Amino acid sequence: MRALLVVNHKATTTSGRTRDVLIHALRSDLKLEVAETRYRGHARDLAREAAEDGTVDLVVALGGDGTVNEVVNGLLAHGPGEKVPRLAVVPGGSTNVFARALGLPNDPVEATGALLDALEHGRERPIGLGKAMTDGLPDRWFTFTAGLGFDAGVVGRVEEQRRAGRKSTHALYVGQALRHYFTQREQRRSGPVSLELPGHERVPGLVLSIVSNTSPWTFLGNRPVYPSPLASFDTDLDVFGITRMTAFGTARTVRQILRSYTTSSDGAPPSGPSGKHVVSYHDVRHFTLVSEEPAPFQVDGDHLGDRSRVSFTGVRRALRVIV
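Since this is a predicted model, take the numbers as computed values, not measurements.

Time to look at the pattern of salt bridges. Opposite charge on two side chains lets them pair, provided their charged atoms get close. Applying the stated rule across the entire model yields 15 salt bridges. In this structure, Arg125 and Asp234 form a salt bridge, with 3.4 Å as the shortest nitrogen-oxygen distance. In this pair, Arg125 is assigned in strand 5 (residues 124-133) and Asp234 in the loop between strand 12 (223-225) and strand 13 (237-242), connecting sequence segments 109 residues apart. Residue classification places Arg125 among the partly exposed positions, given a relative accessible area of 23%. Residue Asp234 is classed as partly exposed on the basis of its relative accessible area, which comes to 48%. Taking the shortest distance from any N to any O, the salt bridge between Arg316 and Asp236 comes out at 3.5 Å. Pair noted here: Arg316 is in strand 16 (residues 302-322) and Asp236 is in the loop between strand 12 and strand 13, with a separation of 80 residues, a long-range link. Through salt bridges with shared partners, a single ionic network connects Arg44, Asp45, Arg48 and Glu52.

Take a look at the structure:
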């Protein structure tokens, strides 16, 4: 199988020596070309060229969720189709939500072993993806999450800290989330974002709005976080929102999204977080988030600036993944 390995050499959890070992292992089973990213968006460009040239059957992303997102957007630059190369992932970031949601080991060496085993046995699966559309930006595919408002503001704060030299850790995310919470007093009482969903009344006043393409939404260390426990690569999108973030209510919701969700003994699916100020929708094909003023926007943990209106679409079976 002809394959392109896209390597983010700045990936948080892989050293140069580890990358050399992984490349050697992959070359034992693949006709492999290796390309290192050199600028933001380079992984997207490399994957797009591979898809357009038709020279590879598989693109392997070695890096974190940001690298994976760029590769996916490159592969789908002209939309889904049978000729689009398959995707494989070797996690190399700090959280690796997409890879872990697929059931891959979080260790890159173990994940490479799982990838080679999947290739040997011909294991792959089609997955659904989300697409975000907003003025001023090209359409953006996302693999596991997008958000407008509070959570995207936290992502923006983390990116500022990383540009200042801080290492991406779970402690950094938690710390910036707390800072953001205490500096957004006015918006915690009544947020600027509204949800427009076909066939439903408009839902105003969202402080936080999380769009999920799979579950869990993210991880705190080894602990999964479940705002939308029913979200799946096999369905359309889920939306979770909060219209008021009081100290007591927020603490209650945090406890709910951190608990483990399993199907009950009678076969009933998990219900997810609940409460007076909680908004939740499952398996939605189209909807729009609108903000009274430009609000932070993110996809797959990548801050894309402030936006006033973002439309979302769930696209089933958009991409084939080796897993």
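Take the pairing of strand 15 (residues 286-299) next. When strand 7 (residues 145-148) meets strand 15, the two strands line up antiparallel, connected through three bridges. Within strand 15, the position partnered with Ala146 by the bridge is Val299. For strand 8 (residues 193-196) and strand 15, the ladder comprises four bridges, and the chain directions are antiparallel. Residue pairing across strands places Glu196 opposite Thr288, the latter belonging to strand 15. Inspection of the sheet shows strand 15 paired to strand 16 by nine bridges, in the antiparallel sense. Within strand 16, the residue paired with Val290 across the bridge is Arg309. Counted between consecutive antiparallel strands, the loop separating strand 15 from strand 16 contains two residues, among which Asp300 sits at a positive phi close to 50°.

Bringing the packing of aromatic side chains into the picture now. As enumerated under the stated definition, the model contains three aromatic pairs in all. When the centroid spacing of 6.1 Å and the interplanar angle of 85° are considered together, the rings of Phe142 and Phe312 count as edge-to-face. On the criterion of sequence distance, the pair formed by Phe142 in strand 6 (residues 140-142) and Phe312 in strand 16 is long-range, its members being 170 residues apart. For Phe142, a relative accessible area of 0% translates into the label buried. Overall, Phe312 belongs to the buried group, its relative accessible area being 1%. With 5.2 Å between their ring centres and 20° between their planes, Phe287 and Phe312 make a pair best called stacked. One end of the pair, Phe287, is in strand 15; the other, Phe312, is in strand 16, and 25 residues separate them in sequence. With relative accessibility at 2%, the residue Phe287 sits in the buried group. In this structure, Arg100 packs its charged tip against the face of Phe219, placed 3.8 Å from the ring centre.

On to the packing of helix 2 (residues 42-53) against helix 3 (residues 65-75). Axis separation between helix 2 and helix 3 bottoms out at 7 Å; the angle between their running directions is 35°. Judged by the twist between their axes, the crossing of helix 2 over helix 3 is right-handed. Residues His42, Ala43, Arg44, Ala47, Arg48 and Ala51 of helix 2 touch helix 3, and the partners they reach there are Thr67, Glu70, Val71, Asn73, Gly74 and Leu75.

So, about a nonpolar patch on the surface. Taken together, the side chains of Val174, Leu178, Phe182 and Leu220 define a hydrophobic patch exposed on the protein surface, amounting to about 350 Å² of accessible area. It is helix 7 (residues 170-183) that provides the largest number of residues to the nonpolar patch, a total of three residues. The class of Leu220 is partly exposed, set by a relative accessible area of 37%.

Between Ser215 and Pro216 the backbone carries a cis peptide bond, its omega angle lying at 5°. On the secondary structure map, Pro216 appears in the loop between strand 10 (208-212) and strand 11 (218-220). Positive phi is not limited to glycine here, since Arg317 has a value of about 50°. Within the secondary structure layout, Arg317 lies in strand 16. On the accessibility criterion, Arg317 (65% relative accessible area) is exposed.

Another point: the nonpolar core. Core analysis: the largest hydrophobic core is formed by 33 residues, its most contacted members being Val71, Leu87, Phe98 and Leu319. Listed by contribution, the elements that provide at least two residues to this core are strand 1 (2-7), helix 2, strand 3 (58-63), helix 3, strand 4 (86-91), helix 4 (97-101), strand 5 and strand 16. Taken domain by domain, this core gets at least three of its residues from each of domain 1 (1-121) and domain 2 (131-315). Beyond its immediate sequence surroundings of up to four residues, Leu319 is in contact with Val72, Leu75, Leu76, Val84, Pro85, Leu87, Arg125, Pro126, Ile127 and Leu129. Membership of the second largest hydrophobic core comes to 22 residues, among which are Phe142, Leu195, Val284 and Leu289.

Quick notes on the rules
Sequence order as written defines residue numbering, which begins from 1 separately in each chain. Since the coordinates come from a predicted model, pLDDT governs what is reported: local features require at least 70, and pairs of side-chain atoms require 80 or more to be given and counted, while whole-chain, interface and lining totals use all residues. By convention in this description, side-chain values take in all heavy atoms of the structure and omit both hydrogens and water. For this analysis, a salt bridge means a side-chain nitrogen from Lys or Arg found within 4 Å of a carboxyl oxygen belonging to Asp or Glu. Every helix listed is a DSSP run of H or I at least four residues long, and every strand listed is a run of E at least two residues long, numbered separately from the N terminus. Burial classes follow relative accessibility: with a 1.4 Å probe on protein chains only, a residue under 20% of its type's maximum area counts as buried, one over 50% as exposed, and anything between as partly exposed. Pairing between two strands requires that DSSP report at least two bridges joining them. Only Phe, Tyr and Trp rings are paired, with Trp represented by its six-membered ring, and only when their centres lie within 6.5 Å; those with planes under 30 degrees apart are stacked, over 60 edge-to-face, the remainder tilted. By definition, being over a ring means that NZ of Lys or CZ of Arg is both within 6 Å of the ring centre and within 35 degrees of the ring normal. Where helices are involved, their axes are fitted lines through C-alpha atoms of the stretch in contact, as for all axes, and angles between N-to-C directions lie from 0 to 180°. Crossings are classed by handedness, with left-handed meaning an anticlockwise turn of the near helix from the far one by less than a right angle and right-handed meaning a clockwise turn. Any pair of residues with heavy atoms lying within 4.5 Å of one another is described as a contacting pair. Exposure above 30% relative accessible area and no salt bridge define the residues that can form patches, which grow by joining like charges within 9 Å and nonpolar side chains of Val, Leu, Ile, Met, Phe, Trp and Tyr within 5 Å. Note on areas: Shrake-Rupley, 1.4 Å probe, and residue coverage restricted to the protein chains presented here. To qualify as a nonpolar core, a set must consist of buried Ala, Val, Leu, Ile, Met, Phe, Trp, Tyr and Cys residues joined through side-chain atoms within 4.5 Å. In this entry, domain limits derive from an automatic or database-based domain assignment.

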